[in-house]
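Here is how the chains run, residue by residue.
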Amino acid sequence: MNEQQNISPAIEPERYEFRGARAYIFDLTRRDLFKFLGAGALILCTNAKTSAFQESGRSQSQTNDLPKDISAWLHIGENGEVSVFTGKVEVGQNIRTSLTQAVAEELRMQTSQIRVVMGDTLLTPFDMGTFGSRTTPTMNLQLRKAAAAAREMLKDLAAQSWNVPREHVVAGDGKISDALSKNSATYGALLKGRELARLIPDQDPLLPATEWKVSGKPLPKVDGRAFVTGAHKYPSDQKRPGMLYGKVVRPSKFETKLVFADLSAAEKMSGVIVVRDGDFIGVAAPSDELASHAAATIKTDWTAAPQPSSKTVFDYLRNNLEARESYNSSSKISAPANALSATYTVAYISHAPLEPRAALAEWDGDKLTVWTGTQRPFGVREELASVFRISLENVRVLMPDTGSAYGGKHTGESAIEAARLARAAKKPVKVVWTRKEEFTWAYFRPAGVIDVRATVGAGGQLEYWEFTNFNSGGSGLNTPYAAEVRNEQFQPTKYPLRQGSYRGLAATANHFARESFMDELAHQAKLDPLEFRLRNLRDERLKAVFEAAAKKFGWPGNKKSSGRGFGIAGGVEKGGYIATCAEIAVERATGAVRVVRIVSAFECGAIVNPEGLRNQVEGSNIMGLGGALFEAIEFEDGRILNAAFSKYRVPRFQDVPQIEIVLIDRKDLPSAGAGETPIVGIAPAIGNAIFDATGTRLRSLPMVPNGLRIS
């Protein structure tokens, strides 16, 4: 079932990791392959390159839709348990729970009877990946359709078996019943183990959101007890009989070439297997400690050209433009002479997931199985098949529910490393990156430079709007505010660090610049920042969240003491609408900035699980505090200088303010995703509040990594 593919959606330009060079190119000869695989035919993955393009979104030629047969998505056992299959994965966003609710709703049964199988390339239909807030609007809907079709099939089967009018049979509580004949049977008893052999019709009798009984309710996290008690096994917890532990010898800096390696000390260690393949050097050993010790004994020398630093990165981006993939939303028109202008910058930051990259690889002849934490199991399968020159059918990737990702686990480096070591060892090998490796060798949220210019008319209406993003990306680029003339552009550049997807993509940078600049324009026009936004908005949904947040917050706020400030910001992205109000306090003696209170109003159509949604919005605000206030990667000449939590500041419990969430449930609208959009409002709201408190306008993220300098 896993070869059916859905139409690839448009891929945002800032998903740089999809276009990056292959992590490893092994010097794998045909003789090596025959030696490893033994006698028999050698089947090369001849379609790997084409498939990789389809998977990564670099080609939009794929036209196959999602599988139409119900059995690709659902199986009902004789005991009544329903197995649901999806290529989506769980990385802490609690999507397993809301997908369970969707199926339970349409099948009219208890959620406890449903088991969701996620991210297993052998069992689940192809899926492009879990990113872009697409799971709820696409997979939730798809599983609802499959479940509704299964329900109607069961009703047909019951009516035929009992020879009763179909309109008399009803589904409820995992059973089909007929009130007239008094017949009743569970779903499992009706099917007797048979497959749900029917296609999903184009028009399904889906239950409208106003009639939901399971969806729309705050269902507790599925398998939540296993996570709390430690029973759940994350990718880094996986074990196999005879397993070895792997370590990789990393270069001294980025963009290097290996010129010398002395493996002799490690090769003499008992039980240690040493692999050198091109620039790849790794070891496998019976214990993690021995593997680490063996890797540390290997002496290497690398060459590299001089590289930029974090101190000069913004000049570097502006001065190293590339023509490829740039786009704009309107024709070039010169800015008026009286235009207000400003430049905003956004630093590189790390995803800093709770669980670093991890993978366990096991070969069985020419078949490879990998357990790894990834948002794209099928993408990692493509990488493995391509790197090891084997067919896709011989690669299975399983994704145990993983300890967070935030867009940072789209690639399969640890899976490839574990598989290469396991191929040499002929035993299962597990590779778990250290925190330093995660900080150094994973990709980062792109740095960016954003230029903005605009004019405002006498009535407080935007007249001219110009917005150019260098490098960060195009998500959230277009303003929701009405302007007579608009000129918006994303300009790709060369970049010094490996960069790629991060929660919200470039929408965070673009909203920071736009909403900060809207605040500047409001003060120039001598208008209240909220009033100025409302005057220039035509989107009623965005107006509604601004008004809801302001009402809950008590905008514009009451300054009880000096050093207090209030800010507001918002926007729309990925089908979700967010508005955030912030209250901050500044200690003038020390320059310390403390966020006191946050109010966010969010609307993403019909709410599937309000508790899960509330957690997403709260989590986005807390995560966004780091990028707003102090998170930044420091680097120089190809080296990361703060690759540890002791040096890289993330939000702590003491940083978390009072957070109030207003959820607007639009049951008249389709459900959209919520994993990314809520984060875009927090940074500009805080920046605007700092200006309100001090009169200092901060235009760089992070804003106060070392406190606020007050003149």
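Residues numbered from 1 in each chain as written. Predicted model: local features only at pLDDT ≥ 70, side-chain atom pairs only at ≥ 80, totals over all residues. Heavy atoms only, no water.

**Quick look at the packing of helix 10 (residues 377–388) against helix 11 (residues 413–425)**
- For the pair helix 10 and helix 11, interaxial distance at closest approach is 10 Å and the crossing angle is 40°. The orientation of helix 10 with respect to helix 11, classified from their angle, is oblique. As helix 10 packs across helix 11, the resulting crossing turns out to be right-handed. Of helix 11, the residues touching helix 10 (which contributes Val380, Glu383, Leu384, Val387 and Phe388) are Ala415, Ile416, Ala419, Arg420 and Arg423.
- Within the contact of helix 10 with helix 11, the residues separate by chemical class into 7 nonpolar, no polar and 3 charged. (Axes fitted to C-alpha atoms, helices over the stretch in contact; angles between N-to-C directions. Helix = DSSP H or I, 4+ residues; strand = E, 2+ residues; numbered from the N terminus. Parallel < 35°, antiparallel > 145°, perpendicular 65-115°, else oblique. Left-handed = near helix turned anticlockwise from the far one by under 90°. Contact = heavy atoms within 4.5 Å. Nonpolar A, V, L, I, M, F, W, Y, C, P; charged D, E, K, R; others polar.)

**Some words on the pattern of salt bridges**
- Applying the stated criterion across every chain yields a total of 42 salt bridges.
- Of the charged contacts, one joins Arg357 and Glu413 as a salt bridge, the two residues approaching to 3.5 Å between their closest N and O atoms. You can see Arg357 sitting in the loop between strand 13 (340–346) and strand 14 (358–364) and its partner Glu413 sitting in helix 11, a full 56 residues away along the chain.
- The partner of Lys667 in a salt bridge is Asp665, with the nearest N and O atoms 3.0 Å apart.
- One network of salt bridges, with partners in common, ties together Glu106, Arg108, Arg144, Arg151, Glu152, Lys155, Asp156, Arg166 and Arg198. (Salt bridge = Lys/Arg side-chain N within 4 Å of Asp/Glu carboxyl O.)

**Remarks on unusual backbone geometry**
- Cis peptide bonds are those with omega within 30 degrees of zero, and the linkage from Trp555 to Pro556 qualifies with 10°.
- Mapped onto the secondary structure, Pro556 falls in the loop between helix 15 (540–553) and strand 21 (564–573).
- Omega for the peptide link from Leu701 to Pro702 comes to 0°, which places this bond in the cis form.
- Topologically, Pro702 is positioned in the segment after strand 27 (700–701).
- Positive phi outside glycine occurs at Arg108, with the angle close to 55°.
- Here Arg108 is to be found in the loop between helix 3 (95–107) and strand 3 (114–118).
- The phi dihedral of Leu505 is positive, around 50°, even though this residue is not glycine.
- The topology assignment puts Leu505 in the loop between strand 20 (485–491) and helix 13 (507–524).
- Overall, Leu505 belongs to the buried group, its relative accessible area being 5%. (Buried < 20%, exposed > 50% of the residue type's maximum accessible area, 1.4 Å probe, protein only.)

**Digging into the domain arrangement of the protein**
- For the protein, the assigned domains read domain 1 (34–227) and domain 2 (448–701).
- Centre-to-centre, using C-alpha coordinates, domain 1 lies 37 Å away from domain 2.
- The interface is formed by 19 residues belonging to domain 1 together with 16 residues belonging to domain 2.
- There are 0 salt bridges connecting domain 1 and domain 2.
- One can count 6 residue pairs in polar contact (both at pLDDT 80 or more) joining domain 1 with domain 2.
- Sorting the residues of the side of domain 1 that touches domain 2 by element identifies helix 3 and helix 4 (135–162) as the ones contributing at least two each.
- Residues that form the side of domain 1 that touches domain 2 fall into these classes: 6 nonpolar, 12 polar and 1 charged. (Domains from an automatic or database assignment. Polar contact = N/O pair within 3.5 Å; in protein donor to acceptor, adjacent residues only side chain to side chain.)

**Here we look at the packing of aromatic side chains**
- Applying the stated criterion across every chain, the model contains 19 aromatic pairs.
- Measuring from centroid to centroid gives 5.3 Å for Phe439 and Phe645, while their planes differ by 80°, and the two rings are edge-to-face. Pair noted here: Phe439 is in helix 12 (residues 435–441) and Phe645 is in the loop between strand 25 (639–640) and strand 26 (658–664), with a separation of 206 residues, a long-range link.
- Taking relative accessible area as the criterion, Phe439 reaches 1% and is therefore assigned buried.
- Since its relative accessible area comes to 34%, Phe645 is described here as partly exposed.
- On the numbers, 5.1 Å between centres and 55° between planes, the contact of Phe439 with Tyr648 is tilted. With a gap of 209 residues between them, Phe439 in helix 12 and Tyr648 in the loop between strand 25 and strand 26 connect regions that are remote in the sequence. Assigned by exposure class, Phe439 and Tyr648 land together as buried. (Phe/Tyr/Trp six-rings, centres within 6.5 Å; stacked < 30°, edge-to-face > 60°.)

**Remarks on the confidence of the model for the protein**
- In the predicted model, the protein carries a mean pLDDT of 91, and the fraction of residues at 70 or more is 92%.
- Counting contacts from residues 1–7, a segment whose pLDDT is below 50, to residues more than four positions away or on other chains yields 34 contacts. (pLDDT = per-residue confidence, 0-100.)

**Regarding the packing of helix 3 against helix 4**
- As a packed pair, helix 3 and helix 4 sit with axes 8 Å apart at the nearest point and diverge in direction by 30°. The orientation of helix 3 with respect to helix 4, classified from their angle, is roughly parallel. Once helix 3 is placed against helix 4, the crossing between them reads as right-handed. Contact with helix 3, carried on its side by Ile95, Ser98, Leu99, Ala102, Val103, Glu106 and Leu107, involves Thr135, Thr136, Met139, Asn140, Leu143, Arg144, Ala147, Ala148, Ala150 and Arg151 of helix 4 and no other residues of that element.
- Residues of the contact of helix 3 with helix 4, tallied by class, amount to 10 nonpolar, 4 polar and 3 charged.

**Focus on the pairing of strand 20**
- With 5 of its 7 residues buried, strand 20 lies for the most part within the structure.
- Direction of pairing for strand 19 (residues 462–470) relative to strand 20: parallel, over a ladder of 7 bridges. Bridging across to strand 20, Phe470 finds its partner in Gln491. (Pairing = 2+ DSSP bridges.)

**Observations concerning the sheet that holds strand 1 (residues 74–76)**
- Pairing is mixed across the open sheet formed by 3 strands, whose spatial order is 1-2-3. Because the sheet does not close on itself, it has two edges, and the strands there are strand 1 and strand 3. With direction set aside, neighbouring strand axes in the sheet form an average angle of 20°.
- Note: strand 2 (residues 82–86) against strand 3, 5 bridges, orientation parallel. When the sheet's bridge partners are listed, Phe85 is paired in strand 3 with Val117.
- Its contacts with the sheet put helix 3 on strand 1, strand 2 and strand 3, and the angle it makes with strand 3 is roughly 130°.
- The strands touched by helix 4 within the sheet are strand 1 and strand 2, with strand 1 carrying the most contacts at an inclination of about 40°.

**Some remarks on helix 13**
- In this model, helix 13 (18 residues) spans 25 Å end to end at C-alpha, consistent with the 26 Å of a helix rising 1.5 Å per residue.
- Of all 18 residues making up helix 13, 16 are buried, and the element is well covered by its neighbours.
- Following helix 13 by one or two positions, Lys526 adopts a phi angle in the positive range, close to 60°. (Expected span 1.5 Å × (residues − 1).)

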